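Secondary and tertiary structure notes
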Amino acid sequence: MLSVDQMSTEQASSPKEQEWAGPEALCPGWLEDEVPDGEVPEDSGDPGCATHAYELLQGALRQEGLPHTLDRSAEPRTGFGPLDMTVCILGSPTTFLPVLLEGGTRCPGAMVLCLSPAWASRVPSETSLGAWSLLLSRGVSFEAGGRSALETFVPPRRANYVMGTFATGDPEGGWVGELARDLDCPTGGSVPLAHRLEDPLVTRWVLAARAGLPVPPTLAFVLGPRGDLPADPVAPGVRLVRLEDPQGQESLVQEEVGAFLEGTAMEPYSQVVVRPAGWRWRGTGARSTHGKAEGAAVAQAVGARLRGLREEESVLLEALVPTARLPVPPPRSPAPRLPVALRICTLVCRSWGDRPQLCQVACGVGRAEAPVRHGAALPQGLDSSLQQWGVVAPGQRQALATRLRGAAETAMAALLAAEAELSPQQRGGARAHTDLLGVDFLLACVDDALELMALSTNSQRCLETCLLAEAMGHAVGEPPGDLPRLLAEALLHRAQCHLVEGKDILLIGAGGISKSFVWEAARDYGLRIHLVESDPEHFAAGLVQTFLPYDSREHRRDEEHAERVTELVRARGLRPHACLSYWDDCVVLAALVCQRLGLRGCPPAAIRVAKQKSRTHQHLQRCRQGRPPPSAFAVPCHRLQSHGDVDRAAGAVPFPAVAKLEFGAGSVGVRLVENAGQCHAHAARLWRDLRDDADHPGIGLGWGNAMLLMEYVPGTEHDVDLVIFEGRLLGAWVSDNGPTRLPAFLETAACLPSCLPADRQAQLVRAALQCCLACGLRDGVFNVELKLGPGGPRLLEINPRMGGFYLRDWIREVYGPDLLLAAVLVALGLPPVLPARPVPRTHLAGVMCLGSEHGPVLGGGGGLAALRALQNRGLIRLNRLFEETAGAGEYEEPCLSVACGGATRAEACLRLLGLCQALGIDSPRYPVEHFLSHFK
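This structure is a prediction, so every number in the text was calculated from the model and none was measured. (Residues numbered from 1 in each chain as written. Predicted model: local features only at pLDDT ≥ 70, side-chain atom pairs only at ≥ 80, totals over all residues. Heavy atoms only, no water.)

**As for the sheet that holds strand β13 (residues 340–350)**
The cut-off we apply is this: A pair of strands is considered paired only if DSSP assigns at least 2 bridges between the two. Strands here are runs of E lasting at least two residues and helices are runs of H or I lasting at least four, both read from the DSSP assignment and numbered beginning at the N terminus. Note on definitions: angles span 0 to 180 degrees between N-to-C directions of axes, and those axes are lines fitted to C-alpha atoms, for helices only across the stretch in contact. In what follows, residue pairs with any heavy atoms lying within 4.5 Å of each other are defined as contacts.
Overall, antiparallel pairing links the four strands, which are arranged β14-β13-β15-β16 in an open sheet. A single partner strand is all that each edge strand has here, and the edge strands are β14 (356–367) and β16 (449–458). On average, adjacent strands in this sheet sit at an angle of 30 degrees to one another, irrespective of strand direction. Pairing geometry for β13 and strand β15 (residues 436–446), over six bridges, is antiparallel. Bridged to C345 within β15 is D440. Each of β13, β14, β15 and β16 is contacted by helix α12 (residues 461–475), which is oriented at about 100 degrees to β13, the strand it contacts most. Running at roughly 35 degrees to β13, helix α13 (residues 483–500) makes contact with β13, β14 and β15 of the sheet.

**Describing the packing of aromatic side chains**
Let me state the cut-off plainly: What counts as a ring pair is set by centres within 6.5 Å for rings of Phe, Tyr and Trp (its six-membered ring), and what kind of pair is set by the plane angle: stacked under 30 degrees, edge-to-face over 60, tilted for all other angles. Throughout this description, buried means an accessible area under 20% of the type-specific maximum (1.4 Å probe, protein chains only), exposed means over 50%, and partly exposed covers the range between. Comment: the charge-over-ring label is applied if NZ (Lys) or CZ (Arg) is within 6 Å of the ring centre and within 35 degrees of the ring normal.
Using the criterion set out here, one finds six aromatic pairs in the structure. Consider the rings of Y712 and F745, whose centres lie 6.4 Å apart with planes at 40 degrees: the pair is tilted. Taken together, the residues span a long stretch of sequence, with Y712 in the loop between β24 (707–711) and β25 (716–725) and F745 in the loop between β26 (728–737) and β27 (749–752) at a distance of 33 residues. The buried category is assigned to F745, whose relative accessible area is 12%. Taken together, F805, Y806 and W810 form an aromatic cluster joined through their ring pairs. Stacked on the ring of F153, the Lys or Arg R157 has its end atom at 5.2 Å from the ring centre.

**Structural notes on the sheet that holds strand β19 (residues 546–549)**
With respect to topology, four strands assemble into an open sheet ordered β19-β18-β17-β20, the strand pairing being parallel. Where the open sheet ends on each side, the last strands, each with one partner, are β19 and β20 (578–580). On average, each strand axis in the sheet is tilted by 20 degrees relative to the strand beside it, whichever way the strands run. One ladder, built from five bridges, connects strand β17 (residues 504–508) with strand β18 (residues 528–533); its direction is parallel. Across the sheet, residue D504 finds its bridge partner in β18, namely R528. Sheet strands in contact with helix α23 (residues 819–828) are β17 and β20, and its direction is about 130 degrees off that of β20.

**Digging into the pairing of strand β6 (residues 148–158)**
With two bridges joining them, strand β1 (residues 70–71) and β6 adopt parallel strand pairing. If you follow L70 over to β6, its bridge partner there is A149. With seven bridges joining them, strand β5 (residues 132–142) and β6 adopt antiparallel strand pairing. Looking at β6, one finds that L135 is bridged to R158.

**Regarding the side chain of S534**
Put simply, the rule reads: Whenever two N or O atoms come within 3.5 Å, that pair is a polar contact, provided that in protein one can donate a hydrogen and the other can accept it, and provided that, for residues adjacent in sequence, both atoms are side-chain atoms.
Along the chain, S534 turns up in the loop between β18 and β19. Taking relative accessible area as the criterion, S534 reaches 19% and is therefore assigned buried. At 3.4 Å, the side chain of S534 forms a polar contact with the backbone oxygen of Y550. Beyond its immediate sequence surroundings of up to four residues, S534 is in contact with Y550, D551, S552 and R553.

**Considerations on the nonpolar core**
The line we're drawing: In plain words, nonpolar cores are sets of buried Ala, Val, Leu, Ile, Met, Phe, Trp, Tyr and Cys residues tied together by side-chain atoms within 4.5 Å.
If you look at the biggest cluster of nonpolar residues, it comprises 147 residues, and the most contacted ones within it are L90 and V898. Considering each element in turn, this core owes the most residues, eleven residues, to α13. Those residues in contact with L90, other than ones at most four positions away along the chain, are C114, L134, V162, M163, G164, T165, W175, V176, L179 and A180. Grouped together as the second largest cluster of nonpolar side chains are 50 residues, I508, C579, V588 and L592 included.

**Here we look at unusual backbone geometry**
In this model, F655 is joined to P656 through a cis peptide bond whose omega is 0 degrees. Within the secondary structure, P656 sits in the loop between α19 (643–650) and β22 (657–661). Backbone torsion omega between L742 and P743 reads 5 degrees, so that peptide bond is classified as cis. Note that P743 resides in the loop between β26 and β27. With a phi close to 60 degrees, D354 is a non-glycine residue in the positive phi region. Assignment of secondary structure puts D354 in the loop between β13 and β14. If you check the backbone angles, F805 has positive phi at about 60 degrees while not being a glycine. Position of F805 relative to the elements: it lies in the loop between β29 (792–799) and α22 (807–815). Exposure remark for F805: the relative accessible area of 16% places this residue in the buried category.

**Considering the side chain of D184**
This is how the line gets drawn: This count recognises Lys and Arg as positive and Asp and Glu as negative, with His and chain-terminal groups excluded. Put simply, a salt bridge is a Lys or Arg side-chain nitrogen that is within 4 Å of an Asp or Glu carboxyl oxygen.
By secondary structure assignment, the location of D184 is in the loop between α4 (174–180) and α5 (191–197). For the buried D184, which has no salt bridge, the nearest side chain bearing the opposite charge is R158, at an N-O separation of 4.5 Å. A distance of 2.5 Å separates the side chain of D184 from the side chain of S133, its partner in a polar contact. Leave out the neighbours within four places in its chain, and D184 touches S125, T127, S128, A131, W132, S133, R431 and H498.

**Overview of the packing of helix α7 (residues 250–262) against helix α8 (residues 295–306)**
Quick note on the threshold: Roughly parallel here means an angle under 35 degrees, roughly antiparallel means over 145, roughly perpendicular means 65 to 115, and every remaining angle is called oblique. Definitions for this section: a left-handed crossing has its near helix turned counterclockwise from the far helix by less than a right angle. A right-handed crossing has that turn clockwise. Here the term charged refers only to Asp, Glu, Lys and Arg, the term nonpolar to Ala, Val, Leu, Ile, Met, Phe, Trp, Tyr, Cys and Pro, and the term polar to all other amino acids, Gly among them.
Where α7 contacts α8, the two axes come as close as 9 Å, and the packing angle between them is 130 degrees. As the angle between them shows, α7 and α8 are arranged oblique. As α7 runs across α8, the sense of the crossing is right-handed. Two secondary-structure elements touch here, α7 through V253, Q254, V257 and L261 and α8 through G295, V298, A299, V302 and L306. Tallied by class, the residues present in the contact of α7 with α8 amount to seven nonpolar, two polar and no charged.

**Description of empty space enclosed by the protein**
Space left empty within the atom packing is revealed by a probe, the size of a water molecule, rolled over the atoms. We count it as follows: Residues are said to line a cavity or pocket when one of their atoms sits within 4 Å of a point; the points come from a 1 Å grid over protein atoms alone, cavities being sets where a 1.4 Å probe fits but cannot get out and pockets being open sets with protein on both sides within 12 Å along at least five of seven lines. Grid points are joined across faces, edges and corners, and a volume is the space filled by probe spheres set on the points.
Applying the stated criterion across every chain, the model contains ten cavities of 30 Å³ or more. Approximately 310 Å³ is the volume found for the largest cavity. Lining the largest cavity are 22 residues, and of these C579, L580, S581, D779 and P800 sit closest to its centre. Looking at the lining of the largest cavity, the elements with two or more residues in it are β20, α16 (587–597), β28 (780–789) and α23.

**Things to note about the pattern of salt bridges**
Taken as a whole and assessed by the stated rule, the structure comprises 49 salt bridges. For R494, the salt bridge is made with D435, and the minimal N-O distance between the two is 3.7 Å. Highlighted residues: R494 in helix α13 and D435 in the loop between α11 (424–427) and β15, separated in sequence by 59 residues. Taking the relative accessible area as the measure of exposure, D435 reaches 3% and is therefore buried. For the salt bridge of R691 with D695, the shortest nitrogen-to-oxygen distance reads 3.9 Å. Because the salt bridges share partners, they merge into one network encompassing R106, D482, R485, E489 and R837.

**Remarks on the confidence of the model for the protein**
For clarity, the cut-off: The score called pLDDT rates the predictor's confidence residue by residue, from a low of 0 to a high of 100.
Looking at the protein as a whole, its pLDDT mean stands at 88, while 92% of the residues score no less than 70. In this model, residues 1–45 is a region of pLDDT below 50 whose contacts with residues beyond four sequence positions or in other chains number 129 contacts.

**Some thoughts on the packing of α13 against α23**
Put simply, α13 and α23 touch, their axes get as near as 11 Å, and they point 70 degrees apart. With respect to each other, α13 and α23 are oriented roughly perpendicular. With respect to the hand of their crossing, α13 and α23 are arranged in left-handed fashion. Residue-level contacts link H493, Q496, C497 and V500 of α13 to L821, V824, L825 and L828 of α23. Looking at the contact of α13 with α23, its residues break down into six nonpolar, two polar and no charged.

**Some words on the environment of M266**
By the secondary structure assignment, M266 is in the loop between α7 and β10 (271–277). For the pair M266 and A319, spaced 53 residues apart in sequence, the C-alpha to C-alpha distance is 6.9 Å. Excluding its chain neighbours within four sequence positions, the residues that come into contact with M266 are P217, F260, L261, Q271, V272, K292 and A319.

What follows is the structure in structure tokens.
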């Protein structure tokens, strides 16, 4: 039966017990009170608190089979600078231990556990008025292999991110809440936010009104205005009654109670519960159960609870919703089947892009007359629980799991949106947000259908339950789950976002409208952009910290330009922390400037090798070490600067072949040629039409209009976007391209994630990585274009910068990480924290639009306005390459990309095809259905 919260009889624990309630509190004896390994360090500032916590930590490490903490406090650690990452966990040593261990493996030394208020101090922030910086003079740091050390930090170490066990049983929140209040760094919670999460009235209103989730029918009585609730809250299933004087409004209370009990919402239920609500009452067991027909007794119970009610509290009258009872599948036991209750506990974190991500689910099962509460029963998995409940078909269980994921993530999104409307004081600080959220559900039966009913939220209990379930799995040989990894990645990512705030970034080249996201992202991440740009009237001039107009379009003089730019930067007194470029034409210039300013980046020679296509392949052909060597991915090619070169190339490169610009971009000037005559003709036209940057800006003509002839490679075409740090691959994403329009090789369609099986994607990633490393590209974010045939991958070209057009947007939408931020972090000398096992959150399929084909439809036909409206509603992804949609003849590039998402690739393709047919993008001359048919 349900509500699980409403029937709890647990006694309220003391503030001290709540403060240190970790996994050991969930199951007595899970952590035994033994003498810890090694000596317990004394703490003269707070010996009782720190000693007890240290003992708990050692016991927990011993249970995990890990070495005890080394005491290195006698040798202070020094040398921490503004780019050193510190994720500080305040409070319980056991609640976050798996996260600390995982974080220590991912970023050794970055995770620091603070066990005592004497180990930290607060000083006024140097960057945020009215805020405080948290400095750690002592802490337990975690390294790879589960090793930990007690250390002192001189000078004190500055926290970049703070999380803690925010106690709700103490009005002041204990020392953890006090240290975490009003900090200038991101804080994954606070005492005020924990109080909101533990108040069932506040969260139930958000879950019902904002998230649209079903909740138990609830009648709530409050005193006064209750500033934490809307003036006139409207939520399905929740009615709020404001009382000025409970003693003088007995008749109103009786009327409201009678109307609630007789209302349609209560028709399916026979029992109700009366209880006081608010964070102070959480877990006290102060409640009474009544039959729905006992109207007078119910009203009397409500009146009794109203006496002594505080302004921030409420009295709830709510339905007892029973857990759904399903027929038991055969073979059936003759023994009687007792009614039982099921609590579904979900843990959600605020992941990349502030998007909620379900981390884990754990279930508690118990008898209906003693309903399940957190810590009262050992957790079990969702799938086995549903099977036990009678949901036999695997497809039905998977469908329920999918619905649960959606409901839990929707709940967190709604709560985050509600939090954003609070003042900094109400949140416990301007940088305080709920980063971990527990949401409890009931599997109910509504109108003969299974329904997930949201019960309540919490700030810590679901975390403890899920971590206990994880630990129990280890004991029976289950492989490690994703929970510690997901939480560690989320916390480390937030710390890295804070590290880049206020950093001065020298950006070389602004690009066009397709790079507009750079300026928005710079604002969101708090970057101070100093832009060097050839166009003195560029629209980005007013969007950056410093605008440095300098004409560098003639890139054959980049050595000279680098000297001038360096002088310009120094003359302005700028001291950038990093220098990079997202614009293809300027990557060599950016590398040269980095070299002159002593900033981190790839050697200019490596960038030059990658930038010049024929040089890339010829260099790789000489790289014959490895199994297979990089030369295995190179393609025979020949540079063309004259018609004599065409004749010589025709004898070395087999036809059909591909002729294209040596430094080109956007497939401009690319053509399939069947013989030497076609190659001569194409070269003559291109050398006549495309001579310098003024003829077609942004396609590399600042490097000249030399061409190359390369062997045609059959197979499917793919992009691989890589993040490499010190030669180590940190992240890779494979996307598929649809069939190109021959003979010009114009891109038509794309999809992400890739359709390829994992082993074939792995071939592409390894080939891309080997080619980059062989060219000397050991630090940065790179885009590699390859073909995949029966014999494996072959390289088309390397773009020594972040993938362009739609790729950054798509990867963020599907997987979460931001390539732009990754590029900034690498340029700063920090290895970006990226998902170790990326899982797609959706599928995207997109089609390119051409001015020649779609100009009338997009312009005069109103198609572009319709696409913008759909984008504003979040129904499509729209990425523009140019402002205009007019055709560009033989050297045309796509003007925009439009994509649709779906739970599956087939669903995304179907939505996209329907959209293209409705807007007239699909036509016999531009068969979208054919383009999408390749994504299988």
